[in-house]
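Topology and contacts: notes
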Amino acid sequence: MSAVAAARVPEVARRGSQTAIPCLLMRGGTSRGPFLDARLLPADPALRDAVLLAAMGSPDPRQIDGVGGAHPLTSKIGLVRPGTEPGVDVEWTFAQVQPDGDTVDTSANCGNMLAAVLPFAVETGMVVPTGDRTTARVLTRNTGMVAEITVATPAGANGTRHVAYDGAARIDGVPGTAAPVEIGFLDTAGSVAGALLPTGRARDTVEVPGLGAVDVTLIDNGQPLVIVEAARLGATGYESPADIDADEELKARVEALRLVCGEAMGLGDVSGRNYPKMTLVAPPRHGGTLTTRSLIPRVCHQSIGVLAAVTAATACVIEGTVARFVAAGVSGTEPTVSVEHPSGEFGVTLGVDPADPQRVTRSALLRTARLLMAGDLLVPRSVWDPAPARQEKLA
Ligand SMILES: O=C(O)/C=C(\CC(=O)C(=O)O)C(=O)O
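Not measured: the values here are computed from a predicted model. (Residues numbered from 1 in each chain as written. Predicted model: local features only at pLDDT ≥ 70, side-chain atom pairs only at ≥ 80, totals over all residues. Heavy atoms only, no water.)

1. Section: the domain arrangement of the protein chain
How big an interface is tends to be expressed through the accessible area that disappears when the partners come together. Worth spelling out the cut-off: What counts as a domain boundary in this text is fixed by an automatic or database domain assignment. Summed over both partners, the accessible surface that disappears when two parts come together, traced with a 1.4 Å probe, is what is meant by buried area. Only one rule defines a salt bridge in this text: a Lys or Arg side-chain nitrogen within 4 Å of an Asp or Glu carboxyl oxygen.
When the domains of the protein chain are assigned, the result is domain 1 (3–180 + 370–389) and domain 2 (204–355). Computed over C-alpha atoms only, the centres of domain 1 and domain 2 are separated by 28 Å. Carbon and sulfur atoms make up 51% of the area that domain 1 and domain 2 hide from each other, which totals about 1300 Å². Where domain 1 packs against domain 2, one counts 1 salt bridge.

2. Re the packing of aromatic side chains
Our working definition: Ring pairs shown here join Phe, Tyr and Trp side chains whose ring centres sit within 6.5 Å, with only the six-membered ring taken for Trp; geometry is labelled stacked below 30 degrees between planes, edge-to-face above 60, and tilted in between. Here a helix means four or more residues in a row that DSSP labels H or I, a strand means two or more in a row labelled E, and each is numbered from the N terminus. In this scheme, a residue with accessible area under 20% of its type's maximum is buried, one over 50% is exposed, and one in between is partly exposed, where area comes from a 1.4 Å probe on protein chains only. Only Lys NZ and Arg CZ are tested; either one counts as a charge over a ring when it is within 6 Å of the ring centre and within 35 degrees of the ring normal.
Under the defined criterion, the tally for this structure stands at 3 aromatic pairs. For the ring pair Phe35 and Trp92, a centre distance of 6.5 Å and an interplane angle of 20° mean the geometry is stacked. Within this pair, whereas Phe35 is found in strand 4 (residues 31–37), its partner Trp92 is found in strand 6 (residues 90–97), the two being separated by 57 residues in sequence. Between Phe35 and Phe120, the aromatic rings sit 6.0 Å apart at their centres with planes inclined by 35°, giving tilted as the arrangement. Taken together, the positions of Phe35 in strand 4 and Phe120 in helix 3 (residues 117–123) put the pair 85 residues apart, joining distant regions of the chain. The class for Phe35 is buried, based on a relative accessible area of 0%. Taken together, the aromatic side chains of Phe35, Trp92, Phe94 and Phe120 make up a single cluster linked through ring pairs. For the cation-ring pair, Arg285 lies above Tyr238, with the distance from its terminal atom to the ring centre recorded as 3.7 Å.

3. Concerning the pairing of strand 13 (residues 212–220)
To keep things clear, this is the line we draw: Pairing between strands requires that DSSP locate at least two bridges from one strand to the other.
Here 5 bridges tie strand 12 (residues 204–208) to strand 13, and the two strands are oriented antiparallel to one another. Of the residues in strand 13, the one forming a bridge with Asp204 is Val216. Here strand 12 folds back onto strand 13 in antiparallel fashion, the turn holding 3 residues, of which Gly210 has a positive phi close to 85°. In the sheet, strand 13 pairs with strand 14 (residues 224–229) via 4 bridges, with the strands oriented antiparallel. From the neighbouring strand, Leu218 faces strand 14, where its bridge partner is Val226. Here strand 13 hands over to strand 14 after 3 residues, with Gly222 in that stretch at a positive phi of 120°.

4. Notes on empty space enclosed by the protein
Applicable threshold: Definitions used for this entry: grid spacing 1 Å over protein atoms alone; cavity, a set of points where a 1.4 Å probe fits but cannot get out; pocket, an open set with protein on both sides within 12 Å along at least 5 of 7 lines; lining residue, one with an atom within 4 Å of a point. Grid points are joined across faces, edges and corners, and a volume is the space filled by probe spheres set on the points. Each residue is assigned to one of three groups, with Ala, Val, Leu, Ile, Met, Phe, Trp, Tyr, Cys and Pro labelled nonpolar, Asp, Glu, Lys and Arg labelled charged, and all others, Gly among them, labelled polar.
The final tally for this structure, using the stated rule, is 2 cavities of 30 Å³ or more. Lining the largest cavity are 23 residues; nearest its centre among them are Lys76, Asn109, Cys110, Gln223 and Lys277. Going through the elements one at a time, strand 6, helix 2 (111–114) and helix 6 (306–317) are the ones with two or more residues in the lining of the largest cavity. Of the residues forming the lining of the largest cavity, the biggest block, 3 residues, is contributed by helix 6. Among the residues making up the lining of the largest cavity, the classes are represented as 9 nonpolar, 11 polar and 3 charged. The two domains that each donate at least three residues to the lining of the largest cavity are domain 1 (3–180 + 370–389) and domain 2 (204–355). Put simply, the second largest cavity is a space of about 30 Å³. Lining the second largest cavity, in full, are Pro119, Val151, Val163, Ala164, Tyr165, Ala179, Pro180, Val181 and Ala369.

5. Focus on the layout of surface pockets
Space inside the largest pocket adds up to approximately 260 Å³. Considering the residues around the largest pocket, the lining is formed by 18 residues, among which Ala55, Val67, Asp376, Leu377 and Leu378 are closest to the centre. Tallying contributions element by element places strand 20 (residues 369–380) first for the lining of the largest pocket, with 8 residues.

6. A word on the pairing of strand 10 (residues 145–152)
By the bridge criterion, 8 bridges tie strand 9 (residues 133–140) to strand 10 in an arrangement that is antiparallel. When the sheet's bridge partners are listed, Leu139 is paired in strand 10 with Val146. Connecting strand 9 to the antiparallel partner strand 10 that follows it, the hairpin turn spans 4 residues, and Gly144 within it adopts a positive phi of roughly 85°. Looking at chain direction, strand 10 and strand 11 (residues 181–186) are connected through 5 bridges and run antiparallel. Within strand 11, the position partnered with Thr150 by the bridge is Glu182.

7. Observations regarding the environment of Gly222
Applied cut-off: Contacts are assigned to residue pairs with any non-hydrogen atoms lying within 4.5 Å of each other.
For Gly222, the location among the structural elements is in the loop between strand 13 and strand 14. What makes Gly222 buried here is its relative accessible area of 0%. Linking Gly222 and Ala256, residues 34 residues apart in sequence, is a C-alpha distance of 23 Å. Once you skip the residues sitting within four places of it in the chain, Gly222 turns out to touch Asn109, Thr188, Ser191, Leu307 and Thr311.

8. Re helix 1 (residues 45–56)
Here is the rule: Here the expected length of a helix is defined as 1.5 Å per residue gap, with one fewer gap than residues.
The terminal C-alpha atoms of helix 1, which comprises 12 residues, lie 16 Å apart, in line with the 16 Å expected from a rise of 1.5 Å per residue. Within helix 1, the full set of buried residues consists of Arg48, Asp49, Val51, Leu52, Leu53, Ala55 and Met56. Its buried side turned inward, helix 1 meets strand 3 (18–28), strand 4, strand 5 (76–82), strand 6, strand 7 (104–105) and strand 20. Following helix 1 by one or two positions, Gly57 adopts a phi angle in the positive range, close to 85°.

9. A short note on the nonpolar core
The condition that has to hold: Nonpolar core, defined: a set of buried Ala, Val, Leu, Ile, Met, Phe, Trp, Tyr and Cys residues in which side-chain atoms within 4.5 Å join the residues together.
If you look at the biggest cluster of nonpolar residues, it comprises 63 residues, and the most contacted ones within it are Phe35, Trp92, Leu114, Ile183 and Phe185. A domain split of this core shows at least three residues from each of domain 1 (3–180 + 370–389) and domain 2 (204–355). With sequence-adjacent residues up to four places away left out, Leu114 is seen in contact with Trp92, Val138, Thr140, Met145, Ala147, Ile149, Ile183 and Phe185. Core analysis: the next-biggest nonpolar cluster, separate from the first, contains 26 residues, Leu218, Ala230, Ala235 and Leu257 among them.

Spelled out as structure tokens, the structure:
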């Protein structure tokens, strides 16, 4: 386990007409975004959200006046601080901003951005590495999920340990190789929907205006998903994300189904929500277990989210689900489920309860992360100007 440092809090400063917030820009898995020390941001949620929207440049589909990448996967923020609960080394809040949206959603998980949290904590001195590998328990405040994460922390020439970013691990959706970030999850069932199978059934038939009766699996093992056979929606499941994004009629069918399933899952009116994610499935084509096309929820993912992959893999274990029906066989107490997606595959190793082959108790997977840029995130002082009298440093 890591040593947790007495927190060294950097400072927010004034830079001319703007407020400068210390920030690391990081890639976490197949996502990217600014990471901030949560203790530096306004305590008032409305003001905090205004700061985050201004920082990302939203609402604007191009996010041209901010650091958002004009796609949901690159319009994410990590707010990190030392753990405040027993047994938690680091805690963070994941914030999703839709590029053209004017709200900040902190209600769901993001396993990709999670991969960058421990590297950020080491970079900022929140966690002090004591060996070649550093393991920490990381709490995602959005849902209360705890993950055990391990990164490589070799000693440099002067003996100081740092996060290794270079290495031989490869994840589909990211070019090249990098140091592995090992992530283990426990107790992710019902993260947002309250139960693994929120309707109590492995398969439901829902009535959708314009579509009729559609068979779906409604499931949440870290990410609420609607799993539906691609063919039922008039797709193959092997389309490119660009083809799906360009197909307005298909997207309208997917959204109509999502709205009905959101109610069925007990999530209420999800028209303004980033979940449930829509997962179109088809038989595997490349030796994996299942083919997926994940809509998050209105744009097609270039690969698949981490907890979406965990949840889709879990559905492959449970008898009667739509996923299991089209998947290659999965068996044993530690199966590795290969979830095929548009840019390759995502391997998830599941722990299945030997006494109950329908019960998934844990999951493990590999990601990579990298520090991309270190500096200040700047927002206009008209949005936020904390304690102006002591902020003249850079003015
Ligand atoms: O579903 C999304 O919006 C995208 C995600 C979320 C994620 O990682 C997860 O499901 O854990 C991503 O790829 O970053």
